[in-house]
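Chain by chain, the residues run as shown.
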Amino acid sequence: MLTFRTIKSLTQCLSGYRTSGLRIGFVPTMGFLHDGHRALIAESVERCDITVVSIFVNPAQFGPTEDLERYPRALDADHELCRKAGVSMIFLPDASEIYPPGFQTFVEPGPVAGPLCGAVRPGHFRGVATVVTKLFAIVQPDVAFFGQKDFQQCAVIRQMVRDLNLPVEIVTVPTVREPDGLAMSSRNSYLGPTDRKRALCLSRGLLAAQAAFAEGERDSGRLIAIAQSQITAVDQLQYLELRDAQTLEAIHGLVDKPVALCVAAMIGPTRLIDNVLLTPPRTALSDRDLEVVSCAVDRQVNVGGQGSRPS
Ligand code: PAF
């Protein structure tokens, strides 16, 4: 496994592989890797000849009062996870490599970035879209892998790839959960034991709504109420909303197409997000719907193989 810190050295090496016709898979990350990242890497290793993982805590996607400075870092453990998982190359740039002096061009996502996290974290998706576009231009992958836990991020990136004709296939990989249901996240490391227990109400609520949906409940208000009745241990509920799985438009009334039930909440000082997909059986799925739900519906991932599963 090779590690590159500069764009020049990485692109020189990758161009050789590209001209040999090898398929390049890419997993962009901010490090502090966990089993959720491991699942993305495994998917890439299975589908591609070369897997590149970037580790870059992107300052452009953090607000002024957010956790950029204390975002968890564990480079040695990240290297070890990548090596064992079959990663070919790690890209580990400094902030000045990605945003050199004089940098001034950003990618501005459209309405898909407006609600949910976009409303709570102004500028966040502009930062994500900008760095992902830059990383795509640097790595020039055939396929890039993102986790369903960041559902809106996936929607923003799919839309951006379509709108800007970026020559990369986007694969969404299902959320990986701890055996007790908590969605894996680098920010889980902020949770002390009491907050960790309280955080479980998020997945409990989502999975209760998912179970009701599986039993035939289609009323959006009742589905949200079912989830909300479990999500009582949070300090601030930022949103709990049903959204069209592809456009993220708000859903009212009956659910008759694939939707995502999305939640964000503060548990003490820690902000957590989670979601489940609700896909009515026998829905005529468009190609674009299929892009969003295919991985998530086909394979459901749960560390330890027990307990509640995401849709
Ligand atoms: O999901 C993440 O870890 C980040 O938002 C990403 C995609 C690596 C961009 O910085």
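Note that the structure is a prediction, hence the values are computed from the model and not measured.

Notes on helix H8 (residues 193-214)
End to end, H8 covers 32 Å across 22 residues, agreeing with the expected 32 Å (1.5 Å per residue, within 8%). One or two positions beyond H8, positive phi appears at Gly216, with a value near 115 degrees.

Section: the sheet that holds strand S4 (residues 89-91)
The sheet built from 6 strands is open, its strands ordered S1-S4-S3-S2-S5-S6 with parallel pairing. If you trace the sheet from one side to the other, it starts and ends with strand S1 (2-4) and strand S6 (169-173), each paired once. With direction set aside, neighbouring strand axes in the sheet form an average angle of 25 degrees. Of the pairings in the sheet, the one linking S1 to S4 comprises 3 bridges and is parallel in character. Across the sheet, the residue bridging to Leu2 is Met89, located in S4. The sheet strands contacting helix H3 (residues 75-85) are S1, strand S3 (50-55) and S4, and the helix crosses S3 at an angle near 165 degrees. Lying on the sheet, helix H7 (residues 151-163) is in contact with strand S5 (143-147) and S6; it crosses S6 at an angle near 170 degrees.

Description of the packing of aromatic side chains
The tally for this structure, following the rule as stated, stands at 6 aromatic pairs. With centroids separated by 6.3 Å and ring planes inclined at 75 degrees, the aromatic side chains of Phe26 and Phe136 adopt a geometry described as edge-to-face. Of this pair, Phe26 sits in strand S2 (residues 24-29) while Phe136 sits in helix H6 (residues 124-139), and the two are 110 residues apart along the sequence. The class for Phe136 is buried, based on a relative accessible area of 6%. Relative to Phe106, the ring of Phe103 lies with its centre 5.2 Å away and its plane at 85 degrees, an arrangement referred to as edge-to-face.

Some words on the side chain of Arg271
As for its placement among the helices and strands, Arg271 is situated in strand S10 (residues 270-278). Of the side chains bearing the opposite charge, Glu66 lies closest to the buried Arg271, which forms no salt bridge; the N-O distance is 6.2 Å. Side-chain polar atoms of Arg271 contact the side chain of Gln238, separated by 2.6 Å.

Details of the sheet that holds S10
If you trace the 3 strands from one edge of the open sheet to the other, you get S8-S9-S10, paired in antiparallel fashion. One side of each edge strand has no neighbouring strand; the edge strands of this open sheet are strand S8 (236-244) and S10. Between one strand axis and the next, the sheet turns through 10 degrees on average, direction left out of account. Both strand S9 (residues 259-267) and S10 contribute to a ladder of 9 bridges, which runs antiparallel. Along S10, the bridge assignment pairs Val259 with Leu278.

Reading the values: the criteria
Residues numbered from 1 in each chain as written. Predicted model: local features only at pLDDT ≥ 70, side-chain atom pairs only at ≥ 80, totals over all residues. Heavy atoms only, no water. Helix = DSSP H or I, 4+ residues; strand = E, 2+ residues; numbered from the N terminus. Expected span 1.5 Å × (residues − 1). Pairing = 2+ DSSP bridges. Axes fitted to C-alpha atoms, helices over the stretch in contact; angles between N-to-C directions. Contact = heavy atoms within 4.5 Å. Phe/Tyr/Trp six-rings, centres within 6.5 Å; stacked < 30°, edge-to-face > 60°. Buried < 20%, exposed > 50% of the residue type's maximum accessible area, 1.4 Å probe, protein only. Lys, Arg positive; Asp, Glu negative; His and termini not counted. Salt bridge = Lys/Arg side-chain N within 4 Å of Asp/Glu carboxyl O. Polar contact = N/O pair within 3.5 Å; in protein donor to acceptor, adjacent residues only side chain to side chain.

Distances and angles like these do not, on their own, reveal function.
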